[in-house]
Amino acid sequence: MNSRERGKLILEHKEADRVPFDLGGTVLTSIHLNAYRKLRETLGLPEVEIGVMDIFQQIANVDDDVRESLSSDVRNVAPRSSATFRIEINTTDMPGYDFFHDEWGIGWRKPKDGGFFYDMFDHPLAEATSIEDINKFPWPDPTDPNRFVGLQERARMVAEDLGELVILGGLSAGVVEVTAWMRGFAKFYPDFVTNRKWLEYLMDKIVELKMEYWDIVLPMVGEYADVVQEADDVAGQFDLLISPEDYRTLIKPRHKKLFDFIKSRTNAKIFFHSCGAIREIIPDLIEIGVDIINPVQVNAAGMESKALKRDFGDEITFWGGLVDTQGVFLNGSPQEVWDEARRRIDDFGPGGGFVAATVHNIQANVPPENIMAMWNALQEYGVYGENNAPGRRPEEYWEGYPLVEEKPSLVSQSPDIMPARAMTREEAQALAAKQGTLPGVLAELSESVISGNKTTARDAAEMALAEEIEPQYIIDEAIIPAMTEVGSRFENGEYFLPEMMASAIATQECMRLLRPLLAETGAKPVAKVVIGTVKGDLHDIGKNLVAMMWEGAGFEVVDLGPDVPGGKFIAEIKKGEVELVGMSALLTTTMPMMRTILGEMESAGVRDRVKVMVGGAGVTQEFADEIGADGFAPDASAAVRVARNLLGK
Ligand code: B1M
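Residues numbered from 1 in each chain as written. Predicted model: local features only at pLDDT ≥ 70, side-chain atom pairs only at ≥ 80, totals over all residues. Heavy atoms only, no water.

K.L.:
Lay out the sheet that holds strand β17 (residues 631-632) with the relevant residues and their values.
P.N.:
The sheet built from five strands is open, its strands ordered β14-β13-β15-β16-β17 with parallel pairing. In the strand order of this sheet, the two ends are held by β14 (556-559) and β17, each with one partner. Judged from the six bridges that link them, strand β13 (residues 528-533) and strand β15 (residues 578-584) form a sheet pairing that is parallel. Residue Thr533 lies in a different strand from β15, and its bridge partner there is Ser584. (Pairing = 2+ DSSP bridges. Helix = DSSP H or I, 4+ residues; strand = E, 2+ residues; numbered from the N terminus.)

Following this line, the structure appears as structure tokens:
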């Protein structure tokens, strides 16, 4: 049985000789250049010039000798750039960074000093306001023949000569992703609340371009296409990033249109990538024709392997989920990695419908011993035989292995044990009663902030000032309670990123008006705080939310942005007045930077002057304790309470 036959059986939910393995078959199941170099050494393979599969993520083009050694079953067939576009890296014009703009006009940069990735810094539609702005944008041409040069022959070669499973790459990232990247996250999410029609128009444009592309590729590649790849990150660690309703009304119809189009032109399976906690929308994805989900982030809320297989295993293939790349893969021993892999194989493997791959790309600092432990476990447990098939091994087989139930959970942070809490009934009643007694204009302001309308919020704040209500009173009686309510709705799962960000922007709009007046009256903020995402990490959506919530709670916030080295935090502390430092990190490769920065603060003699709070997906209370931070918060709303507690305010 060759790789292609194996893969096709598995995708039909039938058992093959073994569970197929994917390393390097897609830009989502590959390996960072640094980890790849070490893996080659461990495999005893010669030094070679390593090709880059994806410049943004700095992942390797997995060479044939590694594929052979590890029996990888999948190969990517992807388009080339258009004839008119070449990436040109500028190494001189941005101090500290190398940068370039891609075909969509999105700017990407990588820190010269120790940067692991290219990250977005420029969003071509950030300032766009009208439909006209979308229409006149110089969109890439999806039908440019240059993209398709050699594509058909490569697909034939992979399918026939190599006998591997063919996965066809798309024109670009997903509909939601390209929309968000062109707009910038800070505007994209609030657009759901305040600019919906425009957003829909932009998404439709991207769907259209994608269909034009698939319209050419699918007939061209024909029967060689086994899998077609699409993506869209719609979830974070604990929940969807947008509400299920927004997914169903705004995004699902567009996904459906695209997937129907693809299905009308091929029998290939649709592979859909979304990170995070997507359980709630898996039935929707099945309904609109998704056959395969990836990366199956098994440590995100609701993504437990056994339950996923039980509930959706007949209808969907799990491509990923073999090892949790946020926890055990990096921090665990080879034995723990082995245990995790064999557990996932036993959960996902029965009856086919499982392509083994790590949860997303293998990150830069994963030790090669752990990669080999995962792979060895797959060789032993991923074999379909009478008594040796995943999920069907006799009890005695596991003698000597710790049962999963008996082991301490490697996932220490779960929504169930979050210290965060929503408002109590009494607090909610007190807030409602207070709102009832507020002057009309403040009730209106409060309502505008809660519903995320920055225009009416600012109007109401102006009217309140015209009625000679003190700025501090406006903040204390209308804005802070409104943002408390917003935080509470977020914790309760009623509000998602769009609603929360729209409210925070409404608050910022009011604060821009009120802050100078506060300064005039000599009123003091609750405290001065500084926040940043640590060096090497560009994830800033969560950090921005924390900053906005702090601001809404009356703190004066200095936001240092993403990619912040210790020196910048220290310089802020040295200016005096700062009482709290907040650090955010979302990557296992950058979490250690928090410890480094704490050490730098110590050496600079400023650690004792401030409290330090940390957070970000993957950061836990245990991690915070271990590195000597003073506090941790699992979400932006809790971050307000923790900050107040730490500062005794
Ligand atoms: Co990336 N990414 N990403 N990503 N990304 C994650 C984090 C990942 C878990 C996905 C996965 O594996 N399935 C994974 C990390 C895995 C690991 O570390 N082992 C990952 C990776 C690997 C990467 C890249 C390397 C590319 C890749 O290979 N995929 C690359 C690295 C870029 C870099 O930083 N150098 C990358 C890039 C990107 C995008 C640019 C595409 C985009 C970020 C855009 C941006 O932020 N400007 C992105 C996104 C969107 C994600 C996911 C899907 C969502 C993150 C998010 O915004 N969540 C994420 C999947 C996941 O989280 N499971 C993923 C919503 C946000 C509100 O939540 O930030 O957790 P969060 O913040 C929360 C709390 O954590 C808390 O409050 C916030 C609000 O409630 N909080 C604090 C945050 N900071 C706090 C500070 C505090 C207190 C609380 O006190 C100071």
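K.L.:
Could you give an account of helix α22 (residues 591-603), naming the residues involved and the relevant values?
P.N.:
The set of residues buried in α22 consists of Met591, Met594, Ile597, Leu598 and Met601. Across the axial projection of α22, the buried residues extend over an arc of 100°, all falling on one side. Here the buried face of α22 lies against α21 (566-574), β15, β16 (611-615) and α23 (621-627). (Buried < 20%, exposed > 50% of the residue type's maximum accessible area, 1.4 Å probe, protein only. Arc of directions from axis to C-beta. Contact = heavy atoms within 4.5 Å.)

K.L.:
Which residues make up the site of the ligand, and what values go with them?
P.N.:
Close to the ligand lie 43 residues, the nearest being Gln57, Leu538, His539, Ser584 and Thr588. Between the ligand and Asp540 there is a distance of 2.8 Å, counted from an oxygen atom to a backbone nitrogen or oxygen. Counting residues per element, the ones that place at least two in the shell around the ligand are β6 (119-122), α20 (541-552), β15 and β16. The element best represented in the shell around the ligand is α20, accounting for four residues. Counted by class, the shell around the ligand contains 21 nonpolar, 17 polar and five charged residues. (Near = heavy atom within 4 Å. Polar contact = N/O pair within 3.5 Å; in protein donor to acceptor, adjacent residues only side chain to side chain. Nonpolar A, V, L, I, M, F, W, Y, C, P; charged D, E, K, R; others polar.)

K.L.:
Could you give an account of the sheet that holds strand β9 (residues 269-273), naming the residues involved and the relevant values?
P.N.:
Across the sheet, which stays open at both edges, the seven strands sit in the order β3-β7-β8-β9-β10-β11-β12 with parallel pairing between neighbours. With one partner strand each, in any of the chains shown, β3 (74-77) and β12 (354-355) form the two edges of the open sheet. When β9 meets strand β10 (residues 292-294), the two strands line up parallel, connected through three bridges. Paired with His273 across the bridge in β10 is Asn294.

K.L.:
Give me the pairing of β16: which residues, what numbers.
P.N.:
Burial analysis of β16 places four of its five residues in the buried class, which makes it a mostly covered element. In the sheet, β15 pairs with β16 via five bridges, with the strands oriented parallel. Bridged to Leu580 within β16 is Lys611. With respect to chirality, the unit in which β15 leads through α22 into the neighbouring parallel β16 is right-handed. (Right-handed = clockwise from strand over helix to strand, strands pointing away.)

K.L.:
Help me get a handle on the coordination of the cobalt atom of the ligand, residues and values and all.
P.N.:
Just one protein ligand coordinates the cobalt atom of the ligand, and it is His539 (NE2) at 2.3 Å. Its place among the elements puts His539 in the loop between β13 and α20. (Donors = N, O, S within 2.8 Å, 3.2 Å for Na, K, Ca; no water.)

K.L.:
Which residues make up helix α14 (residues 368-381), and what values go with them?
P.N.:
Taking 1.5 Å per residue, 14 residues should reach 20 Å; α14 reaches 20 Å between its end C-alpha atoms and fits that length. With respect to burial, α14 is a largely interior element, 10 of its 14 residues being buried. The set of residues buried in α14 consists of Pro368, Asn370, Ile371, Met372, Ala373, Met374, Trp375, Ala377, Leu378 and Tyr381. The elements touched by buried residues of α14 are α2 (33-42), α3 (64-70), α12 (328-331) and α13 (334-348). (Expected span 1.5 Å × (residues − 1).)

K.L.:
Describe the packing of aromatic side chains, with residues and values.
P.N.:
If you walk through the whole model with that rule in mind, you get 19 aromatic pairs. Plain terms: the ring middles of Tyr189 and Phe192 are 6.4 Å apart, the flat faces sit at 20° to each other, and that makes the pair stacked. Placement of both Tyr189 and Phe192 in helix α7 (residues 185-194) is noted, with a separation of three residues, approximately one turn of the helix. The exposure classification of Tyr189 matches that of Phe192, with both residues buried. The interplanar angle of 45° and the centroid separation of 6.4 Å between the aromatic rings of Trp550 and Phe555 together place this pair among those described as tilted. Note on Phe555: relative accessible area 3%, which makes it buried. Counting every residue linked through ring pairs, the aromatic cluster contains Phe56, Phe100, Trp108, Tyr118 and Trp181. The aromatic ring of Tyr97 is capped on one face by Arg109, whose charged end is 4.2 Å from the ring centroid. The ring of Phe261 has Arg265 lying over it, and the distance from NZ or CZ to the ring centre is 3.8 Å. (Phe/Tyr/Trp six-rings, centres within 6.5 Å; stacked < 30°, edge-to-face > 60°. Lys NZ or Arg CZ within 6 Å of the ring centre and 35° of its normal.)

Purely geometric numbers; function is a separate question.
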